[in-house]
Amino acid sequence: MVTASPAGLMRLKTAMPLGGRILPSFCLIARQVMSMDAFFSSTVLVALAEIGDKTQLLALFLAARFRQKYAISAGIFAATLLNHALSAWIGVWLAARFSPTALSWLVGGSFLAVGLWLLRPDKDDSQDSPMMKYGAFFATFILFFLAEIGDKTQLATVFLAARYQEMWAVLVGSTLGLMLANVPVVYLGARLLNRMPTRIVRLSACALFCAMGLWTVWQNY
């Protein structure tokens with residue numbers, strides 16, 4: 001067996017072409033930048049999309065129904081983490097099955113649709129449920145998970161994961177964004193919602209989603 005001495009390995013590394021050393025480093029940096037972009041975009045867009053959403057109104061209802069605010073917050077976190085993990089996985093799965101051009105049109109069009117959807121305020125249809133007998137945590141977990149199915153923030157998570165093809169960054173960012181929008185409502189209640197400029201927030205979120213959609217299409221045009 002032939003082994004290389006430390007000095008020989010050093011000479012081999014020194015003799016390696018400059019491009020061979022720079023390219024892997026550049027790719028790693030680009031991947032990290034893309035992950036951070038996916039994380040921050042997911043956090044901001046989901047947090048804005050959640051303002052005035054039916055799940056935020058559900059959080060307000062649960063806070064009035066139960067006194068254990070920490071249990072409600074934990075239930076929201078668990079339900080969001082599970083729901084958005086499935087959503088982010090679906091987004092990455094979809095991205096692997098479309099060509100870049102087709103994917104850009106699909107994701108870009110979906111961002112535009114979600115942006116326009118945000119202009120339509122949700123109604124508070126929260127009501128007592130048989131789930132309430134299971135306590136604050138389990139009632140919140142079940143009701144929040146069900147409410148998130150087909151919701152704007154779930155669809156946003158799917159298409160953000162497809163856009164960036166970064167499951168974990170989108171999962172963490174979208175979960176953080178939803179928690180930032182809902183936990184203050186759990187603790188501060190209607191006082192916070194009544195002072196929040198929901199119309200301005202909805203218009204801002206609509207503009208950001210539409211801009212993201214147009215940018216996604218333009219990049220692959």
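Data block above holds the structure.
None of the values given here were measured: they were computed from a predicted structure.

Asks: Residue-level account of the nonpolar core, with values.
Replies: Among the nonpolar cores identified, the biggest contains 46 residues, and Leu62, Ile76, Phe144 and Phe209 are the most heavily contacted of them. Counting residues per element, the ones that place at least two in this core are α2 (18–50), α3 (54–65), α4 (69–95), α5 (100–117), α6 (136–148), α7 (152–164), α8 (167–188) and α10 (198–219). In contact with Phe144, other than residues within four places in its own chain, are Thr55, Leu58, Ala59, Leu62, Ile76, Ala79, Thr80, Leu178 and Asn182.

Asks: Explain unusual backbone geometry to me, and be specific about the residues and the numbers.
Replies: In the Ramachandran plot, Gln165 falls in the positive-phi region, its phi being about 55° despite a non-glycine side chain. Positionally, Gln165 belongs in the loop between α7 and α8. Residue Gln165 is classed as partly exposed on the basis of its relative accessible area, which comes to 47%.

Asks: Outline α5, supporting the account with residue identities and numerical values.
Replies: Under the 1.5 Å per step criterion, the end-to-end length of α5 is 25 Å for 18 residues, consistent within 8% with the ideal 26 Å. Structurally, α5 contributes buried residues whose contacts are with α4, α7 and α10.

Conventions and cut-offs
Residues numbered from 1 in each chain as written. Predicted model: local features only at pLDDT ≥ 70, side-chain atom pairs only at ≥ 80, totals over all residues. Heavy atoms only, no water. Core = buried A, V, L, I, M, F, W, Y, C linked by side-chain atoms within 4.5 Å. Buried < 20%, exposed > 50% of the residue type's maximum accessible area, 1.4 Å probe, protein only. Helix = DSSP H or I, 4+ residues; strand = E, 2+ residues; numbered from the N terminus. Contact = heavy atoms within 4.5 Å. Expected span 1.5 Å × (residues − 1).

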